[in-house]
Amino acid sequence: MTSPNSPTFDNSYVKQAERFYSPQEPATVATPKLVRINTVLAEELGIDPQWLASPEGIATMAGNHMPDGAEPIATVYAGHQFGGWNPQLGDGRAVLLGELIAKNGTRYDWQLKGSGRTPYSRGGDGKSPLGPVLREYILCEAMATLNVPTTRALGAVTTGELVFRDQALPGAVFSRVAQSHIRVGTMQYFAARQDTEALQSLSNYLIDRHFPDAAKASNPVLTMLNDIISRQATLIAKWQSIGFIHGVMNTDNMLLCGETIDYGPCAFMENYDPATVFSSIDHNGRYAYGNQPGIAHWNLAQLAQALLAILDNAPDATEESAIALAQQALDAFPELFLKAYQAIIKDKLGLSSFSEQDDPLFQDLLTLMEQEKADFTLCFRRLAELADEGACINNSVHELFEFNGNFTPWLQQWRQRLIEDTQTPAQRQAQMFKANPVFIPRNHLVQEAIVAAERNSDFSAFNQLVDVLKTPHTFDPNKQRYALPAKPNERVLQTFCGT
Ligand code: AMP
Ligand code: MG
């Protein structure tokens, strides 16, 4: 029996061809307990937060209860993992409960992650330890407040069961919300099977759900591809601007709706270094911070390749003409990325416009930051303070980070450049504070929250961190420890997928 205030589902993906998914009930678990719900997101989705936090809501998030209207499925996809082709992946530890129409009219997926085995689990148990669930909760919600398109955390529950990895760990299930879970790898799955009909119907579905303007274009699929490329360019520019390292940019982890997904081994860079890698399995640094734009471009090339059979809709279309369209679409990526990135750099530096001549100024700052091992986040934040220093005497990060003498000539050049700019110091600082957050989910803080929860079922560090990260742009000296980089003994050098 479902209570009257449970949410209303409106499922569209299950109405697609049966070969897009397998019906799959989540596993039931021993003793579900609530970790946290996201009240604001629940309300946006039209879910009554009281229902979500009630025994029925908790049972739903754990997989023990199916509300009326839920039609749980595991979706199928393929993907390139670290450059190697895998023809068959799929939701191996997740089920899509169903879709909800939010108050703003947007359709969202509600997925349970860590909900047991599916036909795509291969050797895995389909479960998730608590650590990766908390990590994803913290990271994706931080990204959302940092204005980065991302999947969201609706809630998390523990299962009362142990999950066995290299040790026994408490189990948990994560409630993930996304505009959809359709990936580059979903298209690749059907392309690899030369299933042109599936490619076409999946494209029609995507256009209808995410790219309505493309429906009106003379070539809808090409227009959709251009839109996807443009969204990825903006997304990766945002990642780069805050030092976010995804860590596992496989084609199955790139959503076509343009949201960041799969917070496995991801981490924020502290001292600036383009070669930074945290993931324990990224031995060759394929997904290093500085490689992310190039990898996104490579992934998009795999998408364009997958779409070739349906890309040219002209009556005289040939394989060559489709390849030419794909190439043209892909060639736009570097410029789209650069434009999106420079628009953010302009804000980070406090300029009202960014021209060719400003690029060397920016590059010189990066070189200095690398040389001085400066903390990427605090360096930009302190710069924002310098834009109007008198305004932030009582809430300054200068005790946490100060420019050393090697930065002096650069700071002079920057001030010189500002003279040409018409903004007032206050306007400039407001612009810079918005682009230069002070609180990011630093690895050692995430780790600290996970360890306390895992060892002592103590969620206070987790809850505090999630709360602090809700206002990433406003410094409060009482929260100083959340702004500090890791001390040498606190540094987390490696992160794990947690699979
Ligand atoms: P990821 O690295 O999280 O993108 O996962 C890659 C693939 O492995 C996906 O198809 C997952 O569903 C699957 N997978 C990861 N962990 C597990 C697990 N514990 N049990 C079953 N499948 C898993
Ligand atoms: Mg994945």
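All of these numbers come straight from a predicted model, not from anything done at the bench.

(A) Quick peek at the site of ligand 1. Close to ligand 1 lie 18 residues, the nearest being G90, G92, R93, R122 and G126. Separating a nitrogen atom of ligand 1 from a side-chain N or O atom of D125 is a distance of 3.1 Å. R165 is positioned such that a nitrogen or oxygen atom in its side chain is 3.5 Å from a nitrogen atom of ligand 1. Contact with the protein chains hides 89% of the accessible area of ligand 1, taken as 490 Å² for the molecule alone. When the residues that make up the shell around ligand 1 are grouped by side-chain class, the tally is two nonpolar, eight polar and eight charged.

(B) Seen up close, helix 12 (residues 358-371). Over its 14 residues, helix 12 runs 20 Å from end to end, which matches the ideal 20 Å to within 8%, given 1.5 Å per residue. Within the span of helix 12, buried status applies to D358, L361, F362, L365, L366, L368 and M369. When helix 12 is viewed along its axis, its buried side chains cluster within an angular range of 165° and face the same direction. Backbone geometry just downstream of helix 12 places K373 in the positive-phi region, at approximately 50°.

(C) Focus on the coordination of the magnesium ion (ligand 2). Each protein donor to the magnesium ion (ligand 2) is listed here as N253 (OD1) and D262 (OD); together their distances run 1.9 to 2.2 Å. Here the two residues N253 and D262 agree in accessibility, since each one is buried.

(D) Structural view of the domain arrangement of the protein chain. The domains assigned to the protein chain are domain 1 (13-178), domain 2 (196-339) and domain 3 (351-499). Each of domain 2 and domain 3 has a C-alpha centre, and these two points are 28 Å apart. Opposite the 21 residues of domain 2 that make contact, domain 3 presents 23 residues. At the junction of domain 2 with domain 3, the criterion picks out one salt bridge. Across the pair E270 and R442 runs a salt bridge, and its minimum N-O distance is 2.7 Å. Between domain 2 and domain 3 we count seven residue pairs in polar contact (both at pLDDT 80 or more) in total. At the level of secondary structure, the elements contributing two or more residues to the side of domain 2 that touches domain 3 comprise helix 8 (220-242) and strand 12 (267-268). With three residues, the single largest contributor to the side of domain 2 that touches domain 3 is helix 8. By residue class, the composition of the side of domain 2 that touches domain 3 is twelve nonpolar, seven polar and two charged.

(E) Seen up close, unusual backbone geometry. A positive phi angle, close to 50°, is found at R122, a residue other than glycine. Inspection of the secondary structure assignment puts R122 in the loop between strand 7 (107-113) and strand 8 (128-129). Look at R122 and you get exposed, because its relative accessible area is 54%. Unusually for a residue other than glycine, K373 sits at a positive phi of about 50°. With respect to the helices and strands, K373 occurs in the loop between helix 12 and helix 13 (376-386).

Rules behind the numbers
Residues numbered from 1 in each chain as written. Chains lettered and ligands numbered in written order. Predicted model: local features only at pLDDT ≥ 70, side-chain atom pairs only at ≥ 80, totals over all residues. Heavy atoms only, no water. Near = heavy atom within 4 Å. Polar contact = N/O pair within 3.5 Å; in protein donor to acceptor, adjacent residues only side chain to side chain. Areas by Shrake-Rupley, 256 points an atom, 1.4 Å probe, with all protein chains shown as cover. Nonpolar A, V, L, I, M, F, W, Y, C, P; charged D, E, K, R; others polar. Helix = DSSP H or I, 4+ residues; strand = E, 2+ residues; numbered from the N terminus. Expected span 1.5 Å × (residues − 1). Buried < 20%, exposed > 50% of the residue type's maximum accessible area, 1.4 Å probe, protein only. Arc of directions from axis to C-beta. Donors = N, O, S within 2.8 Å, 3.2 Å for Na, K, Ca; no water. Domains from an automatic or database assignment. Contact = heavy atoms within 4.5 Å. Salt bridge = Lys/Arg side-chain N within 4 Å of Asp/Glu carboxyl O.

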